[in-house]
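Topology and contacts: notes
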Amino acid sequence: MALDFEKEKLIEELKKANPKKVLVQLAEGIKQNANEIKGWFDELGIEVVFSGETCWGGCDIAIDEARNIDADLIVHFGHAEFIKTDFPVIYIEVKDILDLNPLLQKSLDVIKSYNTIGLSYSIQHCHDIENIKKFYEEKGKEVILSKKRGTNAYEGHITGCDYQGAKEIQEQVDCFVIIGNKFHSIGATLALKKPVILIDVYNNDVKIMGDLKDKILKQRAIAIEKLKEAKNVGIIVGMKCGQKFGSPEKIIEKLKERGKNVIIITMADLTPDKIMNFYNIDAFIELACPRIALDDFANYPKPILTMREALVALGEISWDEILEQGIL
Ligand code: SF4
């Protein structure tokens, strides 16, 4: 697979912004391209520093790092704009250059019983979407792109935590086709009620998602029960600037009313090791990326819940309500 780093756009934007020193953030899968990218900054005589911290989404804009090294601009590669910041940022979305036709052809058998398709994609496939839509329409399908809502940058675009635009079309479609990877399609299957089909461009496959949904829902129900029983509860406040999924104040009083000891903990990246160090905490509620609680259950030594799940444990909303709305 070839990648298009939109070098021309980058150079044009850099000339306009005229920075002296730039902090570059690369999504995890493209950190290996740092050398090549450095050369483009060298050509323009711009000092460049690469962030070695994790960068899983557009939610993660390294403003503090940039300020610490006196950079006057961030260039963020691999995600679309997710939030507005008070620091200048250039987003380079990075395109996957692929021939999708064989996979689209293969998908026809899987979607043969569906007439109307909801279509969504991760950002690397934005440039292909009109051709994909046309492909299915020529095969007699009606295609509706998910709406541009919340943190989605374009019509049809989804991020791993925001499926509102897809939810808004789900009554009109028979199934969803997601162009991208397992991460985005698992999110879609947790958020949506209609069948989700993944065009898995990274494993050259077409998959019907669903089995995992049942497994994850069972795990979530267990985590909710564990929070009910917990004596000591940690609330993790995410330190990445776009990962603000609720405020601790909303839940502290309710936890205390139920006799629980509550501590608030800040974390930029959640890892099992960091969680393990708080060994006397029985359960955690995280207000950072909701996918950590939902996807990584098996990796963590203690239950971690999202805010909404915590509200279920506290009897503030019902599990059925969550299932009806989608757990994401
Ligand atoms: S919060 Fe999580 S799912 Fe949402 S964009 Fe960030 S890393 Fe992705």
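Refer to the structure above for everything that follows.
The present account deals with the structure reproduced in this document. The structure displayed is predicted, hence computed values, not measured ones.

With that settled, the discussion passes to the state of the cysteines. Between two cysteines, a covalent bond joining their sulfur atoms is known as a disulfide. Tallied over the entire structure, the rule returns zero disulfides. Free of any disulfide, C126 has its nearest cysteine sulfur in C161, 17 Å distant.

Counting across every chain of the model gives 21 salt bridges. Notably, a salt bridge pairs D109 with K112, separated by 3.1 Å at the nearest N-O pair. K112 shares its class with D109; the two are exposed. D200 serves as the salt-bridge partner of K207, at 2.6 Å between the closest nitrogen and oxygen. A residue is classified by how much of its surface remains accessible, and D200, at 1% relative accessible area, is buried. Residues participating in the shared-partner salt-bridge network are K254, E257, R258 and E316.

The next subject is the nonpolar core. The biggest cluster of nonpolar side chains holds 41 residues, and the ones touching the most others in it are F176, L227, I251 and I285. When residues of this core are traced back to their parent elements, those giving at least two are β9 (175–180), α7 (182–191), β10 (196–200), α8 (211–229), β12 (232–238), α9 (249–257), β14 (283–286) and α12 (307–313). In this structure I251 touches I235, I285, M307, A310, L311 and L314, once residues within four positions along its chain are discounted. One finds L103, I117, L145 and V201 within the second-largest nonpolar core, a separate group that totals 21 residues.

Before going further, it helps to spend a moment on the side chain of D128. Among the structural elements, D128 can be located in the loop between β7 (116–121) and α5 (129–138). Buried charge D128 goes without a salt bridge, the closest partner of opposite sign being K95 at 9.4 Å. Setting aside residues no more than four positions away along its own chain, D128 makes contact with D96, L98 and L100.

Further remarks concern the sheet that holds strand β11 (residues 205–208). Judged by pairing direction, the sheet is mixed, and its five strands sit side by side in the order β8-β7-β9-β10-β11 without closing on themselves. Both edges of this open sheet fall to β8 (142–145) and β11, since each of them pairs with a single strand only. Each adjacent strand pair in this sheet contributes to an overall mean axis angle of 25°, direction not counted. Those strands touched by α7 are β9 and β10, and its axis lies near 175° from that of β10.

As a further point, take the site of the ligand. All residues adjacent to the ligand are W56, C59, F82, G160, C161, F183, Q243, F245, C289 and R291. More than half of the atoms belonging to the ligand lie within 2 Å of the grid points that define the largest pocket. When grouped by side-chain class, the residues that make up the shell around the ligand number seven nonpolar, two polar and one charged.

For the structure shown, the criterion picks out one cavity of 30 Å³ or more. Computed from the structure, the largest cavity encloses a volume of approximately 40 Å³. Taken together, R220, I292, A293, D296, F297, Y300, K302, P303 and I304 make up the full set of residues lining the largest cavity. Here the lining of the largest cavity is composed, by residue class, of six nonpolar, no polar and three charged.

Extensive coverage of strand β4 (residues 73–77) is indicated by the burial of five of its five residues. In β4, alternate side chains face the same way, and those of L73, V75 and F77 on one face and I74 and H76 on the other are all buried. Where strand β2 (residues 21–26) meets β4, five bridges bridge the pair, whose relative direction is parallel. By the bridge assignment for β4, V24 is matched with V75. Relative to strand β5 (residues 89–92), β4 runs parallel, the two sharing four bridges. Residue V75 lies in a different strand from β5, and its bridge partner there is I90.

Cut-off values and rules
- As a convention, each chain's residues are numbered from 1 in the sequence order in which they are written.
- In keeping with the predicted nature of the model, local features appear solely for residues at pLDDT of at least 70, side-chain atom pairs appear and are counted solely at 80 or more, and the whole-chain, interface and lining totals rest on all residues.
- As a rule here, side-chain values cover all heavy atoms of the structure and leave hydrogens and water aside.
- Note on disulfides: each one is a pair of cysteine sulfur atoms within 2.5 Å.
- Put simply, a salt bridge is a Lys or Arg side-chain nitrogen that is within 4 Å of an Asp or Glu carboxyl oxygen.
- Each residue's exposure class comes from its accessible area (1.4 Å probe, protein chains only) as a fraction of the maximum for that residue type: buried when under 20%, exposed when over 50%, partly exposed otherwise.
- Definition used in this section: a nonpolar core is a set of buried Ala, Val, Leu, Ile, Met, Phe, Trp, Tyr and Cys residues joined via side-chain atoms within 4.5 Å.
- Strands are runs of DSSP state E lasting at least 2 residues, helices are runs of H or I lasting at least 4, and numbering of each runs from the N terminus.
- Whether two residues are in contact is decided by their heavy atoms: any pair within 4.5 Å suffices.
- Only four residue types enter the charge count: Lys and Arg as positive, Asp and Glu as negative, with His and the chain ends excluded.
- Whether two strands pair depends on DSSP finding at least two bridges between them.
- To define axes, lines are fitted to C-alpha atoms, for helices over the stretch in contact only, and angles between the resulting N-to-C directions are given on a 0 to 180 degree scale.
- Throughout this document, a residue counts as near a molecule or strand when at least one of its heavy atoms sits within 4 Å of that molecule or strand.
- We place a 1 Å grid over just the protein atoms. Points where a 1.4 Å probe fits but has no way out form a cavity, open points with protein on both sides within 12 Å along at least 5 of 7 lines form a pocket, and any residue with an atom within 4 Å of a point lines it.
- A molecule is counted as occupying a cavity or pocket when more than half of its atoms fall within 2 Å of that pocket's grid points.
- Three categories are distinguished: nonpolar for Ala, Val, Leu, Ile, Met, Phe, Trp, Tyr, Cys and Pro, charged for Asp, Glu, Lys and Arg, and polar for the others, with Gly belonging to the last.
- Grid points are joined across faces, edges and corners, and a volume is the space filled by probe spheres set on the points.

Honestly, it's all geometry; don't read function into it.
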